[in-house]
Amino acid sequence: MRKFALGDVVNSDKGRRGVVRAAYKSREGQQFYAVEKDGAIDYLEEDRLSPAPRVELAA
């Protein structure tokens, strides 16, 4: 079961924030995600990602 869905905002273990654009499994069964940040794509393992805190904006 995937931990993140397409479009989720996540933080990597390196402190970078991005948006999940694709999710897939390796041949060994490990879950990977393609995360976009400023037009660049990083391919990261699921255990290297955490959900980004939601920011509430004042109206």
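Basis of the calculations
- Residues numbered from 1 in each chain as written.
- Predicted model: local features only at pLDDT ≥ 70, side-chain atom pairs only at ≥ 80, totals over all residues.
- Heavy atoms only, no water.
- Salt bridge = Lys/Arg side-chain N within 4 Å of Asp/Glu carboxyl O.
- Helix = DSSP H or I, 4+ residues; strand = E, 2+ residues; numbered from the N terminus.
- Buried < 20%, exposed > 50% of the residue type's maximum accessible area, 1.4 Å probe, protein only.
- Pairing = 2+ DSSP bridges.
- Patch = residues over 30% accessible without salt bridge, like charges linked within 9 Å, V, L, I, M, F, W, Y side chains within 5 Å.
- Areas by Shrake-Rupley, 256 points an atom, 1.4 Å probe, with all protein chains shown as cover.
- Axes fitted to C-alpha atoms, helices over the stretch in contact; angles between N-to-C directions.

In this section: the pattern of salt bridges. This structure, assessed with the given rule, holds five salt bridges. For the salt bridge of Asp-13 with Arg-48, the shortest nitrogen-to-oxygen distance reads 3.2 Å. Highlighted residues: Asp-13 in the loop between strand S1 (9-12) and strand S2 (17-25) and Arg-48 in the loop between strand S4 (40-45) and strand S5 (49-51), separated in sequence by 35 residues. Taking the relative accessible area as the measure of exposure, Arg-48 reaches 25% and is therefore partly exposed. Glu-45 serves as the salt-bridge partner of Arg-48, at 3.4 Å between the closest nitrogen and oxygen. Through salt bridges that share partners, Asp-13, Glu-45 and Arg-48 make up one connected network.

Attention now moves to the pairing of S2. Two elements, S1 and S2, share three bridges in a ladder whose sense is antiparallel. In the strand pairing of S2, Val-10 is matched with Gly-18. Linking two consecutive strands that pair antiparallel, namely S1 and S2, is a turn of four residues; a positive phi of about 90 degrees is found at Gly-15 within it. As judged from the six bridges shared by S2 and strand S3 (residues 31-37), these two strands associate in the antiparallel manner. Opposite Ala-22, over in S3, you have Ala-34 as the bridge partner.

The next thing to look at is a nonpolar patch on the surface. A contiguous nonpolar surface patch, about 300 Å² in accessible area, is contributed by Tyr-24, Ile-41 and Tyr-43. Among the residues examined, Ile-41 registers a relative accessible area of 36% and is labelled partly exposed.

Of all seven residues in S3, five are buried; the element is thus mostly enclosed. With six bridges connecting them, S3 and S4 associate as antiparallel partners. If you follow Tyr-33 over to S4, its bridge partner there is Leu-44. Hairpin connection between S3 and S4: a loop of two residues separates the two successive antiparallel strands, and Asp-38 in this loop has a positive phi of roughly 55 degrees.

What follows deals with the sheet that holds S3. As summarised here, the arrangement of the five strands in space is S4-S3-S2-S1-S5, forming an open sheet in which the pairing is antiparallel. Either end of the sheet is taken by a strand with one partner, and the two such strands are S4 and S5. Each adjacent strand pair in this sheet contributes to an overall mean axis angle of 45 degrees, direction not counted.

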